[in-house]
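# An overview of the molecular structure
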Amino acid sequence: GSYTNTAEGDGSADTDGNGTGDTPVDSDDSETVNASQASSIALVKTGVLNDINGDGCVQVGETVTYSFEVTNTGNVTVTNITVTDPLVPVTGGAITLGIGASNGTNFTAVYVITQGDLNAGQIDNQATAQGTGGGSMVSDLSGTAISNDDLIITTLTLCGPPMRHGKRFIRNKEQPMDFGKGGN
């Protein structure tokens, strides 16, 4: 885009030195400034662990609800914004964001925790937002804040039966006993 500013000036000049404006002066000037269009968006992804049975521990089949906030960080409107996530299907249709606008309610996803997630002790991944602004495609990887693209990590708190620390009990110094093998 561009902006044109025109200025006009009228007056008179003292050309004979007698202190009066005896010669009319008229001047017009225009200046056109080209503004650069910069389209950009930022995606912030957050996850909330749903402890379905309320025991404070994570089990297979419990879920994580993800929300996605998209912000227009550029200087043009961005249209047809969508969010995709390789981990889980994202719900919510395409949106349009004006300059500086954000939307944190349109895009959501629910992920079901697997045994592999429990074994890893965490779930980590990133989503992508993309749209069109100023005639070009724009995209961003999700981060933990607008200013970064850090991987989203959901730490899983595991619980289980207490574990025995060691298999042997000492009856006396000379004769160890293997617990669980029938004894000696």
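Remember, it's a predicted structure, so these values are computed and weren't measured experimentally. (Residues numbered from 1 in each chain as written. Predicted model: local features only at pLDDT ≥ 70, side-chain atom pairs only at ≥ 80, totals over all residues. Heavy atoms only, no water.)

Turning next to the sheet that holds strand β3 (residues 41–50). Taking strand neighbours across the sheet as the criterion, the 7 strands line up as β6-β5-β9-β10-β3-β4-β7 in an open arrangement whose pairing is mixed. The sheet terminates laterally at β6 (95–97) and β7 (102–112), the two strands that pair on one side only. Adjacent strand axes in the sheet meet at a mean angle of 30° when their direction is disregarded. Strand direction decides the pairing type here: strand β4 (residues 63–72) and β7, joined by 8 bridges, are antiparallel. Bridging from a neighbouring strand, Thr71 pairs with Ser102 of β7. (Pairing = 2+ DSSP bridges. Helix = DSSP H or I, 4+ residues; strand = E, 2+ residues; numbered from the N terminus. Axes fitted to C-alpha atoms, helices over the stretch in contact; angles between N-to-C directions.)

Next up on the list: the pairing of β4. Counting buried positions along β4 yields 7 of 10 residues, so the element is predominantly enclosed. Alignment of β3 against β4, held across 10 bridges, turns out to be antiparallel. Bridge pairing in β4 places Ile41 opposite Asn72. (Buried < 20%, exposed > 50% of the residue type's maximum accessible area, 1.4 Å probe, protein only.)

As a further point, take the state of the cysteines. Considering all chains together, one arrives at 1 disulfide under this definition. Shown here is the disulfide that connects Cys57 with Cys159, its sulfur atoms set 1.8 Å apart. Classification of the bridge connecting Cys57 and Cys159 rests on its S-S torsion, roughly -80°, and on that basis the disulfide is left-handed. Of this pair, Cys57 sits in the loop between β3 and β4 while Cys159 is found in the loop between β11 (152–155) and β12 (168–170), placing the two residues 102 residues apart along the sequence. (Disulfide = S-S within 2.5 Å.)

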